[in-house]
Amino acid sequence: MSPWICPEVLLVLAGVGLILTDALLPPGKRSVLPGIALVTSCVLLAGTIWQSGQPMPSSWGNLFVTDGLSSVFKPFFVLCLVGVTLISVRTPMGREEAVRSEFLALPFFSTAGLCLLASAHDFLAIFVALELVAISLYLLVAFQRTQVRSLEAGMKLLVMGGLSTGFLVMGIAWLYAAAGTTEFTRILLEQAGRPASLAFLLAVGLIVTGLAFKIAAVPFHAWAPDVYEGAPTSITAFLAVASKAAGFVLLVRIFGFGAFALDSVALVFRPVLLTLGIATVTLGTLAALPQRNLKRLLAYSGIAHAGIMLLALGTLGEAGMGTVVGYLWAYLLASLPVFIAIQEVERIYGNADVRHLDGLAQKDPGTALGLTLCFLSMAGLPPLLGFSAKLSVLSTLWNAGEIPGLVVGVIMAVVGLGFYLVPIRAMYWEREADSVPICRFPRFLVWILLVAGLLQLLLGLQPRPLIRLVERSLAPSVSAIIQDK
């Protein structure tokens, strides 16, 4: 099969195809477009899994590689696209109904950028792929132009995204000045066995700062709650899961396998990453406790999860990198179904206030059970998958001798249970308010949540499939093997 038939190219073609289909369809037939988008995303997911490990086109040079990390995370990003498309199909557009095709197509372009990021082997490739992701997200966050909160969220994301890009570009410029190249392998060969210069360390610091904005790490997190609340729920899910995962995939690649996998860099930035992790998990957990809007609650929850992953990443060892990979998959499987449920809450009630879950266990027990399992998995309770993921992080910290990070991680895991119990208490112990209409959620949502909850339980009891994914992500570069032969 031609290397050009790869997920990145197919995603771009699918996005263009959706826009052209909308232009060619008669006005009365455009209602089929959401179904076409959903089916297309599912087909692309199957194709991405089938093509996993296929080398990138040779004409792309050394900008991209095919290795274990890319083969594990390309299906991850396309699975996110399937969930986001499902939510987008269910999103009421109001006056924006005429441009629904763009709302459905733009996530395909962003996902193509995310897949490129998973394979990036050069900082120039990272910059171009990040911009492909970011420009689409700026448009999508502010897509509901008649709502002030959506426009405000779009403006905040644009300003903070521009600022993070500025740090990243400045870091790449300093890196080129210090090492004479932006390709990961050449940087390693240039810097191996010698102390890192001040210019090189400054470049690393600027690049880490740029990526810290992307993952909403403290103190670069302030944009996340307002943007999550103001954006359409499908785009909130995309930011919370796919975009955050992309930032961590880049950090894993450059610190674990790429340009910064150097002892001289680890000596300086190991305490920096661990300090960022401690600050991020602490603020995210404490700030989530008073939240009563589900989207803001998940925004701070995402910040806390980012802190936990930074603690694992900060050990700068193979175990830490593998732990981050497993944690990201656990986070995806628990959080994406919750965002699908939040979309239905907003669709029925007009907002995502937690009070709309009051009495849900009595009127819709299947939905309540599925949501409960997902929330408890995110909280890290046994025997669910989230417990295995958090236990892996704590074990990594213990083995690395990082006792302060371990202590903070344990304390925040216990404290964090408090805000995950807020929606669970509403579903099981609160009475439904008379002013809130009694509505049952659609059957497809019940099945999605029940399957997701069952998956949390099965993978928590038998995490071997997730362990295989982690082992695969640490496999060597397929492109490098081909070149060696």
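Residues numbered from 1 in each chain as written. Predicted model: local features only at pLDDT ≥ 70, side-chain atom pairs only at ≥ 80, totals over all residues. Heavy atoms only, no water.

On to the packing of aromatic side chains, then. Enumeration over the complete set of coordinates arrives at 11 aromatic pairs. Summarising the aromatic geometry, the rings of F73 and F76 are spaced 5.2 Å apart at their centres and angled 55 degrees between planes, so their arrangement reads as tilted. Of this pair, F73 and F76 are both found in helix α3 (residues 68-89), three residues apart, which corresponds to roughly one turn of the helix. Accessibility expressed as a relative area gives 1% for F73, which makes it buried. The class for F76 is buried, based on a relative accessible area of 1%. A centroid spacing of 6.3 Å and a plane angle of 70 degrees characterise the contact between W223 and Y228, whose relative ring orientation is edge-to-face. In terms of burial, W223 and Y228 fall into one category: buried. (Phe/Tyr/Trp six-rings, centres within 6.5 Å; stacked < 30°, edge-to-face > 60°. Helix = DSSP H or I, 4+ residues; strand = E, 2+ residues; numbered from the N terminus. Buried < 20%, exposed > 50% of the residue type's maximum accessible area, 1.4 Å probe, protein only.)

Right, let's talk about the confidence of the model for the chain for a bit. Of the residues in the chain, 92% have a pLDDT of 70 or more, and the chain-wide mean is 86. Looking over the chain, one finds the lowest element-wise mean pLDDT in helix α20 (residues 478-484), namely 37, and the highest in helix α12 (residues 294-313), namely 94. (pLDDT = per-residue confidence, 0-100.)

A surface patch of nonpolar side chains, amounting to about 360 Å² of accessible area, comprises V12, V16, L20 and L24. Tracing the chain through its elements places L24 in helix α1 (residues 7-24). (Patch = residues over 30% accessible without salt bridge, like charges linked within 9 Å, V, L, I, M, F, W, Y side chains within 5 Å. Areas by Shrake-Rupley, 256 points an atom, 1.4 Å probe, with all protein chains shown as cover. Salt bridge = Lys/Arg side-chain N within 4 Å of Asp/Glu carboxyl O.)

As enumerated under the stated definition, the model contains 13 salt bridges in all. Note that K295 and E346 form a salt bridge whose closest N and O atoms lie 3.5 Å from each other. Remark: E346 occurs in helix α13 (residues 318-349) and K295 occurs in helix α12; sequence separation between them is 51 residues. E346 carries the same exposure label as K295, and that label is buried. In this structure, R443 engages D364 in a salt bridge whose closest nitrogen and oxygen atoms are separated by 3.5 Å. In this pair, R443 sits in helix α18 (residues 443-461) while D364 sits in the loop between α14 (360-363) and α15 (365-379), placing the two residues 79 residues apart along the sequence. By relative accessible area, which is 43% here, R443 ends up partly exposed. Taking the relative accessible area as the measure of exposure, D364 reaches 1% and is therefore buried. Salt bridges sharing partners connect three or more residues here, namely R149, E152, K156, D226, E229 and R296.

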